[in-house]
Amino acid sequence: MMNQITSKLTMLILGLLVLVSCHGLEELNENPNQIGSDNVDPNLLVPTVINGVGKTVVSLGFGDLAGVMQHTQKDGWSSGHNAYDWSNDSHSWNGYYSLLINDKTLIEKAEIDNLDFHRGVGLIMKSYLFGLMTDLWGDIPYSNALRGAEGPEFFDATFDAQKNVYEGIHADLETANSLLSKSVDSYFSINETQDILYGGDVAKWRKFANSLSLRYYMRLSVKEPGLAEQGIKKILSNPSQYPLILNAADDANMAYVGNTSGDSWPTNTKFDSDPQGSYFRVKMAATLVETMQGLDDPRLGVWANKIDQPLVLDTSDYINEDTGERHVSQATVDAYINTVGFPVDYDKEYVGLPTAMTFGAAYNLSENVNQGTLNLHVSQLNDIYKEASGDLLQARLISAAEVNFIIAEAATKGWASGSAEQYYNEGIKQSLNAWGVGDSYGDYISGTAAYNSFEDIITQKWIASWSSAAEAWFDYRRTGLPNLETGAASKRPALPLRFYYHINEIDNNSNSGEAIDKLEPTQFKGDDVSNNSAWSKVWLLQGTNKPY
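Structural notes, computed from the coordinates.

This next bit is on the overall build of the protein. Of the regular secondary structure elements, the protein holds 19 helices and 11 strands. A compact globule built from 548 residues would reach a C-alpha radius of gyration of about 24 Å, and the protein, at 24 Å, matches this within 12%. Counting all 548 residues of the protein, 57% fall into the buried class. When the accessible surface of the protein is totalled, it reaches about 21,600 Å², and 47% of it is carbon and sulfur. Computed over 39 positive and 69 negative side-chain charges, the inter-centroid distance for the protein is 5 Å.

Structure below.
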């Protein structure tokens, strides 16, 4: 025990802001240069926290969770993305707690200076981060987190029950709604340029708070239907008291600056021009492509490039110089199938990469079988994703589309007035507007995308979560929709349900064992040595029979 304490003190002296997760700060000496609530401008903390949250959302929802939810697949360095080959050293929450320390300072300074706007913003960001964490891991240090500066007794913070975390989130969002409900002239010290989400627009932040609360009430709808119904009805029955994000113009989007690799879209080729770099490794997933093709979805052309070279079955192998098409013989096709194990896709426009295939670089008769390179016969991401910044390159924290789909789901349960179809249609309209193809709404909604069932709501919500796929994963866990299948290289024959608690937390926080014991292993736990498995159920899923 003495060695452990000594180690922590040494790390503190070296100036680390965060010890492992919530092993907070112990102030051995008073540091006049330390940033704290007494000597910081809250306007400088606002963009720091927003930027960190935004990049986290994209890292998850355009990263490995886009692979889990089969928006994208990689054909190089793909195991964590395609096959969820995760372990207890895959995902750390240290970065989340680092952001929460800054956010705590923002809230404290706002309280001292009576800055209601800044306090409201801080509470929303606190709720967003802790909400993400409990969704990803389950029980987490919450009520006693970030208190390391108060003494060694807080180094090993207790893990709060997931239900209590959600309750705390709803309480903070209720406070934020109240703080942001005053007349505009009652707020001061707002720096519009530092608010990189809403430019100091108090009303939009208030809508964000209530929309986030609605999200978390729906999260509880299977596990705690009574609590969820009460909360959702409270919000939806009083729109003047609880305004929501219902129009894409109010979406909580953070733009990328694009001046350095650190503030640019992650697949940009401006700072990563390697032909096996981030952009070239990521391909459209066949699951999403084929679903959108079946719906004649105009967003597909916004997110994906058409294939460079269509394939045509012929009697011999050659390139048609006039059309640019590659003609292949049946013998060539048969040899490919015998080697790779997948049929050839002859679609002339969009082709996605199958889920967790073992030899992705060779898919669809690619002649370049180096991993993570351009495949002429598979759809790359749209060229916009080569850019460092752009109008559509946004971190999308929550959207009008999502909120309308939540209300549509609530309507199917009798928790909202109006029809599910009404809000389903509006969710689609707002998503199309957000991606610049709103003019296609009439044709789209009158075709195969027309509303028929609850499954349509979740499917469209899954599509609309492009680049923010974490939310689609959380929906999948409580609904089992969309009905996604694993691939040949998948670590388990079922989608994962959570992140593993990190080995550093397990080794350094004596309370982690109790949290692990509360997890409920499923039949897909495999060879994980404890309940700390990506295929164990957190409280939210226990007893629900969802998603399996």
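The discussion continues.
Let us look at the pattern of salt bridges. Where charged atoms from two side chains of opposite charge come close, those side chains can pair. Throughout the structure, instances matching the rule amount to 27 salt bridges. Put simply, Asp135 and Arg219 hold a salt bridge, and the shortest N to O gap is 2.9 Å. One end of the pair, Asp135, is in helix α5 (residues 116-137); the other, Arg219, is in helix α7 (residues 202-219), and 84 residues separate them in sequence. With relative accessibility at 2%, the residue Arg219 sits in the buried group.

This brings us to the sheet that holds strand β7 (residues 318-319). Taken in spatial order, the 3 strands line up as β6-β8-β7 in an open sheet, and their pairing is mixed. Among the strands making up the open sheet, the edge pair consists of β6 (311-314) and β7. Taken together, the 4 bridges between β6 and strand β8 (residues 326-329) define a ladder with parallel strand orientation. Paired with Asp314 across the two strands is Ser329, which belongs to β8. Sitting on the sheet, helix α12 (residues 330-340) touches β6 and β8, and the angle it makes with β8 is about 80°.

Once that is clear, we can look at the packing of helix α10 (residues 286-294) against helix α16 (residues 454-464). Contact geometry of α10 with α16 gives a least axis separation of 11 Å together with a crossing angle of 120°. The angle between α10 and α16 places the two elements in the oblique class. Taken as a pair, α10 and α16 cross one another with a handedness that is left-handed. Residue-level contacts link Thr287, Leu288, Thr291 and Met292 of α10 to Thr459, Trp462 and Ile463 of α16.

This part takes up the nonpolar core. With 139 residues, the main nonpolar core has Met69, Ile124, Met125, Trp205, Phe208 and Tyr385 as its most contacted residues. When neighbours within four sequence positions are excluded, Met125 is seen to be in contact with Val49, Ile50, Val53, Asp103, Trp205, Phe208 and Leu397. Residues Ile307, Leu311, Ala362 and Tyr363 belong to the second largest nonpolar core, which totals 14 residues.

This structure, assessed with the given rule, holds 32 aromatic pairs. Ring plane angle 85° and centroid distance 5.8 Å describe the contact between Trp93 and Tyr97, whose orientation is recorded as edge-to-face. A relative accessible area of 5% means that Trp93 is categorised as buried. On the basis of an interplanar angle of 45° and a centroid distance of 5.8 Å, the ring pair of Trp265 and Tyr385 is categorised as tilted. Here Tyr385 lies in the loop between α12 and β9 (394-398) and Trp265 lies in the loop between β4 (252-255) and α9 (278-281), a separation of 120 residues in the sequence. Ring-pair connections join several aromatic residues into one group, and the members of that group are Trp86, Trp93, Tyr96, Tyr97, Phe130, Trp137, Tyr142, Phe159, Trp473, Phe474, Phe499 and Tyr501. The ring of Trp473 carries Arg477 above its face, with NZ or CZ at 5.2 Å from the centroid. One cation-aromatic arrangement involves Arg492 over Trp535; the distance from NZ or CZ to the ring centre is 4.7 Å.

Cut-offs and rules
Residues numbered from 1 in each chain as written. Predicted model: local features only at pLDDT ≥ 70, side-chain atom pairs only at ≥ 80, totals over all residues. Heavy atoms only, no water. Helix = DSSP H or I, 4+ residues; strand = E, 2+ residues; numbered from the N terminus. Rg over C-alpha atoms; globule rule 2.2 N^0.38 Å. Buried < 20%, exposed > 50% of the residue type's maximum accessible area, 1.4 Å probe, protein only. Areas by Shrake-Rupley, 256 points an atom, 1.4 Å probe, with all protein chains shown as cover. Lys, Arg positive; Asp, Glu negative; His and termini not counted. Charge placed at Lys NZ, Arg CZ, Asp CG, Glu CD. Salt bridge = Lys/Arg side-chain N within 4 Å of Asp/Glu carboxyl O. Pairing = 2+ DSSP bridges. Contact = heavy atoms within 4.5 Å. Axes fitted to C-alpha atoms, helices over the stretch in contact; angles between N-to-C directions. Parallel < 35°, antiparallel > 145°, perpendicular 65-115°, else oblique. Left-handed = near helix turned anticlockwise from the far one by under 90°. Core = buried A, V, L, I, M, F, W, Y, C linked by side-chain atoms within 4.5 Å. Phe/Tyr/Trp six-rings, centres within 6.5 Å; stacked < 30°, edge-to-face > 60°. Lys NZ or Arg CZ within 6 Å of the ring centre and 35° of its normal.

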